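Each chain is listed here by its residues.
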Amino acid sequence: MSARCFLMQGRRVVFSRATFVLAAIAALLAALTMASPATDFGGPMFMMAGRHPEVIGGAIGFIGNIVDESRPALSALRTAFLYTVLWAPVSIIYMSIVFSSDYACGAARVSRARGSSLGALAAAKALWASACIVVCYLCACLVAFAFKSAQYGVVLQPFDFAPFFHFASANAAVLCAAAAWSIPLFAFFKSTIASVFAQLVVFATVLLGYPSAFGTASLAGVQADPFPWCMAPAYYLLHVSSLSTCALGVAAPFFYTIVSCAIAALCTVLALRVREV
């Protein structure tokens, strides 16, 4: 694919209606995070499991407004990731819409007739859509992090942003890995609804099942078995969003993203050849 065609695909994605909706949702989720009350009991919380949520790293899930007095800046960071639980379905739906839009109007067939391969078009759209997801997610979390830090009485220093960019980048990478599977599934099913539904079923299964398994293991005083949960993005989002990554490893979310996206790309090429979307 030529640079001109790649940039043209970028303009179509960045200035699409779906991207403007994504930006609006990012602003809404940031606002909801900032509006969440900083009470003594914390909250809201989603899919939390673990015996010590009052300590950073003492529980997994999406935990809001529980302040670890020894690490208030990290507590604000954990709260900033509160609505990451909603970012996953939003990213999946967004990528599905962006990828399927050209096929719904026949633009993909026109591009193919002009000599562009469907695989190259899919890769270009995936890269630009992923960039939009990353930018929107990082901006939403950064605003929420700064607001909650001020609310908790934290004066942020330059070194406080190092953990933000590490954990936020890990979550953003995993969101892109989740969204990437929209492309091969759409190419196979030829249906946006079917591809989104299949992904949301898997996401919900892990989101509901793994915290239960983690909580049971925590009560027994043993470490939860990561398999087969670690094969799905929800597993990593539950750990990274709660800053509970000691058992997970620093590089695990990024390694998962690389492997998952590589497999999704291979499946996309095979699906496009077999199904001829």
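The present account deals with the structure reproduced in this document.

What counts and what doesn't
Residues numbered from 1 in each chain as written. Predicted model: local features only at pLDDT ≥ 70, side-chain atom pairs only at ≥ 80, totals over all residues. Heavy atoms only, no water. Buried < 20%, exposed > 50% of the residue type's maximum accessible area, 1.4 Å probe, protein only. Helix = DSSP H or I, 4+ residues; strand = E, 2+ residues; numbered from the N terminus. Core = buried A, V, L, I, M, F, W, Y, C linked by side-chain atoms within 4.5 Å. Contact = heavy atoms within 4.5 Å. Axes fitted to C-alpha atoms, helices over the stretch in contact; angles between N-to-C directions. Parallel < 35°, antiparallel > 145°, perpendicular 65-115°, else oblique. Left-handed = near helix turned anticlockwise from the far one by under 90°. Nonpolar A, V, L, I, M, F, W, Y, C, P; charged D, E, K, R; others polar. Expected span 1.5 Å × (residues − 1). Polar contact = N/O pair within 3.5 Å; in protein donor to acceptor, adjacent residues only side chain to side chain.

1. Things to note about helix 8 (residues 182-189)
Reasoning step 1: Taken as a whole, helix 8 has its buried residues at Ser 182, Ile 183, Pro 184, Phe 186 and Ala 187.
Reasoning step 2: Following helix 8 by one or two positions, Lys 190 has its phi on the positive side, about 60 degrees.

2. Describing the nonpolar core
Reasoning step 1: Within the largest apolar cluster, 71 residues are counted, with the highest numbers of intra-cluster contacts made by Leu 22, Phe 81, Trp 87, Tyr 94 and Tyr 210.
Reasoning step 2: The element best represented in this core is helix 6 (residues 118-151), accounting for 11 residues.
Reasoning step 3: Not counting chain neighbours up to four residues away, the residues in contact with Leu 22 comprise Trp 87, Val 90, Tyr 94, Cys 132, Ile 133 and Cys 136.

3. Quick notes on the packing of helix 8 against helix 9 (residues 192-220)
Reasoning step 1: One can describe the packing of helix 8 onto helix 9 by two numbers: an axis separation of 8 Å at closest approach and a directional angle of 130 degrees. In terms of orientation, helix 8 and helix 9 fall into the oblique class. The way helix 8 lies across helix 9 gives a crossing that is right-handed. Note on element contacts: helix 9 touches helix 8 through Thr 192, Ala 194, Ser 195, Ala 198 and Gln 199, opposite Ser 182, Leu 185, Phe 186 and Phe 189.
Reasoning step 2: Of the residues assigned to the contact of helix 8 with helix 9, the class counts are 5 nonpolar, 4 polar and no charged.

4. A look at helix 9
Reasoning step 1: With 29 residues, helix 9 should cover 42 Å at 1.5 Å per step; its first-to-last C-alpha distance of 42 Å lies within 8% of that length.
Reasoning step 2: The backbone nitrogen of Ile 193 lies 3.5 Å from a side-chain oxygen of the residue at the head of helix 9, namely Ser 191.
Reasoning step 3: Gly 221 sits one or two positions beyond helix 9 and adopts a positive phi of about 80 degrees.

5. Some remarks on unusual backbone geometry
Reasoning step 1: Here the bond from Phe 227 into Pro 228 is cis, since omega is 5 degrees, no more than 30 degrees from zero.
Reasoning step 2: Looking at the secondary structure, you find Pro 228 in the loop between helix 9 and helix 10 (233-241).
Reasoning step 3: Phi at Leu 243 takes a positive value of approximately 60 degrees, unusual for a residue other than glycine.
Reasoning step 4: Relative to the helices and strands, Leu 243 is located in the loop between helix 10 and helix 11 (252-275).

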